[in-house]
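Fold and contact review
One-letter residues, chain by chain:
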Protein chains: 2
Amino acid sequence: MGEPAERAPLASERLDSLVAVLDLVRAGAAATRPELGRHSGLGRTVIAQRVAELMEHGLVGDGALGPSTGGRAPRQLTFRADAGHVLVAELGATALNVALADLSGHLLTQYRERNDIAAGPERTLDRVEALFDRILAERPDAADLLWGIGVGVPGPVEFATGRPIAPPIMPGWDDYPVRDRLATRYRVSTWVDNEVNTMALGEYRAGLAKGVDDVVYVKIGTGIGAGLISGGRLHRGGQGCAGDVGHVAVVDDTDVVCRCGNVGCLEALAGGGALAREGTRAAREGRSGYLAEVLASGRPINGSDISTAARHGDPVSVELLARSGRLIGTTLATVVNFYNPSLIVIGGQVANAGDVLLAAIRQVVYRRSLPLATRDLRIVHSALGDRAGLMGAAYMVIDELFSRQHLPLWIDAGSPRGRTDIPAALVATGGR
Amino acid sequence: MGEPAERAPLASERLDSLVAVLDLVRAGAAATRPELGRHSGLGRTVIAQRVAELMEHGLVGDGALGPSTGGRAPRQLTFRADAGHVLVAELGATALNVALADLSGHLLTQYRERNDIAAGPERTLDRVEALFDRILAERPDAADLLWGIGVGVPGPVEFATGRPIAPPIMPGWDDYPVRDRLATRYRVSTWVDNEVNTMALGEYRAGLAKGVDDVVYVKIGTGIGAGLISGGRLHRGGQGCAGDVGHVAVVDDTDVVCRCGNVGCLEALAGGGALAREGTRAAREGRSGYLAEVLASGRPINGSDISTAARHGDPVSVELLARSGRLIGTTLATVVNFYNPSLIVIGGQVANAGDVLLAAIRQVVYRRSLPLATRDLRIVHSALGDRAGLMGAAYMVIDELFSRQHLPLWIDAGSPRGRTDIPAALVATGGR
């Protein structure tokens, strides 16, 4: 019996070079064939073949002439970000955001509406689907090129199955098949993750964390949570619940009970709920004119009100935020010693407070962490703000589709449209 | 001008399949050519070529006939672990261990002697070199096949350069060129890392953490430190000092000053030094007959004495260890929430205490961490014990040499012998 010829379409070696070339073009790291050769270490023939293949699939296009280095000027290559589209949704505790994104993670159309996540998956996903349908109706071009769906939820997710697992603030969602429901309805592969992970991924791929390999993203809203990047990849942990800093015990002598049932949790003492509670008390006791006015307007005070009040110079709110910052800083000091990130990005509604919160966090971290761990540590506000989650959800989908594991599942068909069976890799690679 | 032919020796595609086949054989995951095909997805021709190439280089050998699945029984392949040798050293605070290892990380010859790391690099490395020379003199076969050197030190290391950076208990070692000194003397590439990282790597490659992707290794000796595995790779952090849990503040109302200068650090209250201090006090105050006898014998009490005393039922020592365990557990509860490991391996001299310490750690972690994070969490004693660091140092070298980045630097010469210029990858892959 003779040796069968290698099957070209799925051969591992062809795939590696294809993924390498595609990654370089879509990252903008190499724009011409000679540059691709220098960055990838691949030979001219292989580069030429892979570029031709990517052009044939409509993923790469010819652009302007690039700079010449002596001979004929090489042709610039461009990533065709409009070759496909992705629908993304970010489900928060009190609002949902949905958007259409291109293959570069740019948000093209976006809708937001109030939603109580505790109303359960049926009601919430009905709304998500209504908004997805609306986007697809408005953009028939996108409907024809829908390649995948990405969803962030405010709780732990079993990434491989796309089901929330024991999410504390999402009653009714435990083990609900979010992924399967959307994949079946829209006939595209779907990925679901904890929103702090999609936010961290957004910051890593398009925000201030771009190119930084060890990052902690901290979301400070009603709850407090973190998303971790380790060596350029999301660290999800064994159960997919890494980053849960909200329930670290920070104070012993308190009777404030956290929604998790424990006493003294960071979130219960420093999150948006704690700020609202203390701000309401201050308003009622006549200690804050600004907050008393909010209360007089007939609606309850929330965490964002404290941020706004602080920006307007309300001393009570400034002190409340500083206290929150010190408690958060105490926990982050431990995180810095343990994880040694190069960058901490602070995001979330309460974090929009401005500099009071950030200054207090920095002060404690720099005092209480080891000098070596803080030598080059930067602690910054998110520059992406509330786009981080949606953009990260888009990158989650795009990185999975273009990964070495999943590209062979669809590349020979030219597109992953209509495929619902592309699995979730256990560790998203951040496109590397 | 015609296209030059692809240069076979360095082609990226050939390299990927070579590394894939070698990894499968040396991990024992595939023992025959058909198994290699199933595990790698590579075709028969490529497998046959790569196996032939590895045999030619002496890395793979033919073994017995494997089980037949119908046709002719396939030939078993074996990894030739004796094709090369590695020298390893583990420098502790008070002792140094050196060994010769084969390419499977097995320790072949081992020496241990007392050494005060604070005596500085000249004296310590003189002793390491004397023991290395002795091993090479006793094993001329190893001297002819020396492929690399691996060293673990008790402090942070800039992995890329192999220099300790601001190590708190290693006066005189800051920025000392450990790597360059040994590489120059023995004319082989050398890697240096924090010993907790080499220990974590040893546990991941050969201990209870084998095959577990998210692991925290905690060393409890005079100091307390941790090594982290994230998604199967060492997480070193931005400055290479990740895992420093010893200087987390655990108690506010104390006047115990830590060697780092802060007050209330975990290490100062729960490490071997704290146990020795409290044990000595108990002996002097007549509260522990067992420890009083140690003191009467004329030598100072150390952390291991407390462990031994506890195993003999000394109630004071049992309570001291339980208290240490509770403090360590408090810090690990935060680590579990933040990092969500599937496994915590406890090692180090004090950890040999037996079950008292481990039980106290478990109790606090399971009470204070989130239920989801502890659902499948195991907390176990190291089974490798004090071999973890040396074995891990060997794997560090072997994994670097056989990595996709570094294999092409030497494979066509047949061996990395005599090369001193193989660089350190920023993230060791744990052989994956």
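Residues numbered from 1 in each chain as written. Chains lettered and ligands numbered in written order. Predicted model: local features only at pLDDT ≥ 70, side-chain atom pairs only at ≥ 80, totals over all residues. Heavy atoms only, no water.

Re the overall build of chain A
Along the backbone of chain A there are 16 helices and 14 strands. Relative to a compact globule of 432 residues, whose C-alpha radius of gyration would be 22 Å, chain A shows 24 Å and is just as compact. With the C-alpha coordinates aligned to their principal axes, the bounding extent of chain A is approximately 85 × 50 × 45 Å. Relative to its full complement of 432 residues, chain A shows a buried share of 60%. (Helix = DSSP H or I, 4+ residues; strand = E, 2+ residues; numbered from the N terminus. Rg over C-alpha atoms; globule rule 2.2 N^0.38 Å. Buried < 20%, exposed > 50% of the residue type's maximum accessible area, 1.4 Å probe, protein only.)

Description of the domain arrangement of chain A
Residue and element names in this part refer to chain A. Per the domain assignment, the segments of chain A are domain 1 (8–79), domain 2 (82–202 + 387–413) and domain 3 (208–383). Centre-to-centre separation of domain 2 and domain 3, based on C-alpha positions: 26 Å. At the junction of the two partners, domain 2 supplies 13 residues and domain 3 supplies 14 residues. In total, domain 2 and domain 3 occlude about 1300 Å² of area from one another, counting both sides; carbon and sulfur atoms represent 60% of this. Taken together, the links from domain 2 to domain 3 amount to 2 salt bridges. The residue lysine 219 makes a salt bridge to glutamate 195 at a minimum N-O spacing of 2.8 Å. On inspection of domain 2 and its partner domain 3, the count reaches 2 residue pairs in polar contact (both at pLDDT 80 or more). With 6 residues, the top contributor of residues to the side of domain 2 that touches domain 3 is helix α7 (residues 195–206). (Domains from an automatic or database assignment. Contact = heavy atoms within 4.5 Å. Buried area = accessible area lost by both parts, 1.4 Å probe. Salt bridge = Lys/Arg side-chain N within 4 Å of Asp/Glu carboxyl O. Polar contact = N/O pair within 3.5 Å; in protein donor to acceptor, adjacent residues only side chain to side chain.)

Here's the deal with the sheet that holds strand β6 (residues 146–153) of chain B
Residues and elements named next belong to chain B. Taken together, the 5 strands give an open sheet; going across it, the order is β5-β4-β3-β6-β9, and neighbouring strands pair in mixed fashion. Because the sheet does not close on itself, it has two edges, and the strands there are β5 (107–114) and β9 (190–194). Neighbour to neighbour, the strand axes of the sheet diverge by 15° on average, direction disregarded. With 7 bridges connecting them, strand β4 (residues 95–102) and β5 associate as antiparallel partners. Following the sheet pairing, alanine 99 is matched in β5 by glutamine 110. In the packing of helix α7 (residues 195–206) onto the sheet, contacts are made with β3 (85–91), β6 and β9, and the angle to β9 comes to roughly 100°. Of the strands in this sheet, β3, β4, β5, β6 and β9 are in contact with helix α15 (residues 388–401), which crosses β3 at around 135°. (Pairing = 2+ DSSP bridges. Axes fitted to C-alpha atoms, helices over the stretch in contact; angles between N-to-C directions.)

What to know about the environment of tyrosine 217 of chain B
All names here are of chain B. Mapped onto the fold, tyrosine 217 is located in strand β10 (residues 215–220). For the pair tyrosine 217 and tyrosine 186, spaced 31 residues apart in sequence, the C-alpha to C-alpha distance is 31 Å. Leaving out residues up to four positions away in the same chain, tyrosine 217 has contacts with Val196, Met199, Ala200, Glu203, Gly225, Ala226, Gly227, Val345, Gly347 and Gly348.

Let's talk about the packing of helix α10 (residues 289–296) of chain A against helix α11 (residues 303–311) of chain A
Relative orientation and spacing of two packed helices are given, respectively, by the angle between their axes and the distance between those axes. All names here are of chain A. Look at α10 against α11: their axes get within 10 Å of each other, and the N-to-C directions meet at 140°. The angle between α10 and α11 falls in the class oblique. By crossing handedness, the relation of α10 to α11 is classed as right-handed. Counted together, Tyr290, Leu291 and Val294 of α10 and Asp305, Ile306, Thr308 and Ala309 of α11 form the full contact between these two elements. Looking at side-chain class alone, the contact of α10 with α11 contains 5 nonpolar, 1 polar and 1 charged residues. (Parallel < 35°, antiparallel > 145°, perpendicular 65-115°, else oblique. Left-handed = near helix turned anticlockwise from the far one by under 90°. Nonpolar A, V, L, I, M, F, W, Y, C, P; charged D, E, K, R; others polar.)

Here we look at the nonpolar core
Core analysis: the largest hydrophobic core is formed by 99 residues, its most contacted members being Ile346 of chain A together with Ile346 of chain B. For isoleucine 346 of chain A, the contacting residues outside a window of four places in its chain are Val218, Ile220, Leu332, Ala351, Leu358, Ile361, Ile379, Val380, His381 and Ser382 of chain A. (Core = buried A, V, L, I, M, F, W, Y, C linked by side-chain atoms within 4.5 Å.)

Examining the interface of chain B and chain A
The figure often quoted for interface size is the accessible area lost as the parts come together. Counting residues at the interface gives 55 residues for chain B and 55 residues for chain A. Together, the buried faces of chain B and chain A total about 4900 Å²; carbon and sulfur atoms form 52% of this surface. Counting every contact that joins chain B to chain A gives 0 salt bridges. Inspection of the region where chain B meets chain A yields 24 residue pairs in polar contact (both at pLDDT 80 or more).

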